[in-house]
Amino acid sequence: MAFKVEHELHKRRFSRNAGVGLLLVGLICVVFGLTVVKVNQLGGFQGFDHVVRPEMIPGQTTGADN
Amino acid sequence: MTDATVHDHDTEAQFGDYFALLKPRVMSLVVFTAFVGLLVAPVSVHPMIGFCAILFIAVGAGASGALNMWWDADIDAVMKRTAGRPIPAGKVTGQEALAIGLALSGFSVVMLGLSTNLAAAGLLAFTIFFYAVVYSMWLKRSTPQNIVIGGAAGAFPPLIGWVAATGSVSLEAVLMFALIFMWTPPHFWALALFLKKDYNNAGVPMLTVTHGRRVTRQHILAYTLLLAPLAVWLGFTPIGGPVYLTVALLANAWFIKGALAIWRRDETMAEADKYRCEKAFFQFSLLYLFVHFLALLADASLRAFGVI
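This one's a predicted model, so the numbers in the text were calculated from it and none came from an experiment.

1. Quick look at the overall build of chain A
Move 1: Scanning chain A from terminus to terminus reveals two helices and zero strands.
Move 2: Here chain A, with 66 residues, has 0% of them falling under the buried criterion.

Right, dumping it as structure tokens:
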């Protein structure tokens, strides 16, 4: 079934809706970019991530040292 | 479709009308001065964080503009200069402006805090409060010193930019604040001298209305004389340099010359040449602020390239 013919109201409000849409996309980009920069500024970090990493356990030496 | 749902197409708000609530022209000055404040600070900021800081300071300034338009809609409707603003023109309702102002205020302060530091966010929150509540609601309609106090709100952006970069306030930042703060009264009083009817009609207690035009001319000169040493002093701080000092000396000499000319004139002389002197002073005052901050930027660039 075809949609109704576009109402004249929708045409008039297009600029407003497009403006809000662009603003939201811009906001997402800004927040994403900011997050990337902020996370990068934390410096390198690592966790165990399901696998034990001997170099992260205090007092342990890695196999390369032996 | 019933008659009740028929819209008047001419008065329906477009996106630009909502944007106009944020006072884009004021915002451009805020962006520029905040940018300079951030850039001349002795701490390097990641470009993305710097961009976000300027963006959120500008949004905060826009939010306070929307709150001001909501509160002052009655005055704006009376004055010719402001009658075309979205609320008096019937395009945006006062409630919408209030909602946008409040929402953007909260948004900008939180986002500035997250992207830079809490001190900068606190200063931005204070600036919005100062402009919307202290200036617009309390003082604008009750004292002829409204312009002086309102000037503080416009003077905060470079300070916030500086604090966003460094996390603290210092002499240079305070002097940048003082430069705009002391510049605002002569700038607006010169405008009030040749737009007298507007402020009279609106009943805003401008100095020209409450104390007369002679006193206003004296005040313009007094503030200009107080402004000059502050502007030059900034040139002797670590953010100053040869470009700024040269610009400050020339611009302030010219500004004092203009203020003296205004002070010497009376109304008969001013009306005879249609306020030529006052209009020229007002035009120059716009350039005055712009070249001072541009010179700070120039010196910062010279330092960055190791020239000075």
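2. Examining the overall build of chain B
Move 1: Along chain B, the regular secondary structure elements total 14 helices and zero strands.
Move 2: Order of helices (α) and strands (β) in chain B, N terminus to C terminus: α-α-α-α-α-α-α-α-α-α-α-α-α-α.
Move 3: In terms of C-alpha radius of gyration, chain B reaches 20 Å, essentially the compact-globule figure of 19 Å for 308 residues.
Move 4: If you line up chain B on its principal axes, its C-alpha atoms span 70 × 55 × 30 Å.
Move 5: Residue pairs at least 24 apart in sequence account for 74% of intrachain contacts in chain B once pairs closer than 6 positions are excluded.

3. Points about the domain arrangement of chain B
All names here are of chain B.
Move 1: Each assigned domain of chain B is listed here: domain 1 (14–169) and domain 2 (170–308).
Move 2: On the side of domain 2, 26 residues touch domain 1, which itself brings 30 residues to the contact.
Move 3: Elements represented by at least two residues in the side of domain 1 that touches domain 2 include exactly α2 (24–40), α4 (73–78) and α7 (146–166).
Move 4: No other element matches α7, which puts 12 residues into the side of domain 1 that touches domain 2.
Move 5: Tallied by class, the residues present in the side of domain 1 that touches domain 2 amount to 18 nonpolar, eight polar and four charged.

4. Digging into helix α14 (residues 276–304) of chain B
Along an α-helix, a turn takes 3.6 residues, which lines up residues three or four apart on a common side.
Move 1: Under the 1.5 Å per step criterion, the end-to-end length of α14 of chain B is 42 Å for 29 residues, consistent within 8% with the ideal 42 Å.
Move 2: Within α14 of chain B, the full set of buried residues consists of Glu 278, Phe 281, Phe 282, Ser 285, Tyr 288, Leu 289, His 292, Phe 293, Ala 295, Leu 296 and Asp 299 of chain B.

5. Overview of the interface of chain A and chain B
Move 1: The interface of chain A with chain B comprises eight residues on the first partner and 10 residues on the second.
Move 2: Looking at the side of chain A that touches chain B residue by residue, the class counts come to three nonpolar, three polar and two charged.

6. Notes on the nonpolar core
One recurring pattern in soluble globular proteins: nonpolar side chains tend to sit buried together.
Residue and element names in this part refer to chain B.
Move 1: Core analysis: the largest hydrophobic core is formed by 94 residues, its most contacted members being Leu 38, Ile 57, Ala 66, Leu 112, Leu 124, Leu 159 and Ile 160.
Move 2: Lining this core are residues from two domains, each supplying at least three of them: domain 1 (14–169) and domain 2 (170–308).
Move 3: Residues contacting Leu 124, with those up to four places away along its chain left out, are Ile 57, Gly 60, Ser 108, Val 109, Leu 112 and Ile 160.

7. Overview of helix α5 (residues 94–115) of chain B
Move 1: Taking 1.5 Å as the rise per residue, α5 of chain B with 22 residues should run 32 Å; its terminal C-alpha atoms sit 31 Å apart, in good agreement.
Move 2: Of the residues making up α5 of chain B, those classed as buried are Ala 97, Ile 100, Gly 101, Leu 104, Ser 105, Ser 108, Val 109, Met 111, Leu 112 and Ser 115 of chain B.
Move 3: Buried residues along α5 of chain B sit in contact with α2 (14–41) of chain A together with α1 (15–20), α3 (47–71) and α6 (118–139) of chain B.

8. Observations concerning unusual backbone geometry
Residues and elements named next belong to chain B.
Move 1: In this structure, Lys 23 takes a positive phi of about 50° despite not being glycine.
Move 2: Backbone geometry places Lys 274, a non-glycine residue, at a positive phi of 55°.
Move 3: Residue position: Lys 274 is located in the loop between α13 (267–272) and α14.
Move 4: We classify Lys 274 as exposed; it has 10 C-beta atoms within 10 Å.

9. Focus on the environment of Pro 238 of chain B
Residues and elements named next belong to chain B.
Move 1: When you line up the elements, Pro 238 lands in the loop between α11 (212–234) and α12 (242–264).
Move 2: Accessibility expressed as a C-beta count within 10 Å gives 12 for Pro 238, which makes it exposed.
Move 3: In the structure, Pro 238 is positioned 47 residues away from Leu 191 in sequence and 34 Å away in space, judged by C-alpha atoms.

10. With respect to the packing of α5 of chain B against α6 of chain B
Residue and element names in this part refer to chain B.
Move 1: Their axes nearest at 7 Å, the elements α5 and α6 cross at an angle of 160°. One element, α5, and the other, α6, form an angle in the roughly antiparallel class. Handedness of the α5/α6 crossing: right-handed. Contacts between α5 and α6 involve Ser 105, Ser 108, Val 109, Leu 112 and Gly 113 from the first element and Leu 118, Ala 120, Ala 121, Leu 124, Ala 125 and Ile 128 from the second.
Move 2: Grouping the constituent residues of the contact of α5 with α6 by class yields eight nonpolar, three polar and no charged.

11. Some points on the packing of α3 of chain B against α5 of chain B
Axis angle and axis distance: for two packed helices, these are the angle between their axes and the distance between the axes, and together they describe the pair.
Residues and elements named next belong to chain B.
Move 1: The contact between α3 and α5 brings their axes to 8 Å, and the two run at 155°. Between α3 and α5, the angle is such that the two are roughly antiparallel. Note that α3 runs across α5; the crossing there is left-handed.

12. Things to note about the confidence of the model for chain B
Move 1: On average, residues of chain B carry a pLDDT of 92, and 96% of them reach 70 or more.
Move 2: Residue range residues 1–7 of chain B is modelled with pLDDT below 50. Its contacts to residues more than four positions away, or to other chains, number two contacts.

13. Some thoughts on the environment of Val 92 of chain B
Move 1: Tracing the backbone through its elements, the reader meets Val 92 of chain B in the loop between α4 and α5.
Move 2: Distance from Val 92 of chain B to Asp 17 of chain B, taken between C-alpha atoms, is 7.3 Å for residues 75 residues apart in sequence.

14. Some points on the environment of Thr 184 of chain B
Residues and elements named next belong to chain B.
Move 1: Structurally, Thr 184 is set in helix α8 (residues 171–194).
Move 2: Exposure remark for Thr 184: the 22 C-beta atoms within 10 Å place this residue in the buried category.
Move 3: For Thr 184 and Gly 151, which are 33 residues apart along the polypeptide, the C-alpha to C-alpha distance reads 5.4 Å.

About the thresholds
- Residues numbered from 1 in each chain as written.
- Chains lettered and ligands numbered in written order.
- Predicted model: local features only at pLDDT ≥ 70, side-chain atom pairs only at ≥ 80, totals over all residues.
- Helix = DSSP H or I, 4+ residues; strand = E, 2+ residues; numbered from the N terminus.
- Buried ≥ 20, exposed ≤ 12 C-beta atoms within 10 Å, placed from the backbone.
- Rg over C-alpha atoms; globule rule 2.2 N^0.38 Å.
- Contact = placed C-beta atoms within 7 Å.
- Domains from an automatic or database assignment.
- Nonpolar A, V, L, I, M, F, W, Y, C, P; charged D, E, K, R; others polar.
- Expected span 1.5 Å × (residues − 1).
- Core = buried A, V, L, I, M, F, W, Y, C linked by C-beta atoms within 7 Å.
- Axes fitted to C-alpha atoms, helices over the stretch in contact; angles between N-to-C directions.
- Parallel < 35°, antiparallel > 145°, perpendicular 65-115°, else oblique.
- Left-handed = near helix turned anticlockwise from the far one by under 90°.
- pLDDT = per-residue confidence, 0-100.

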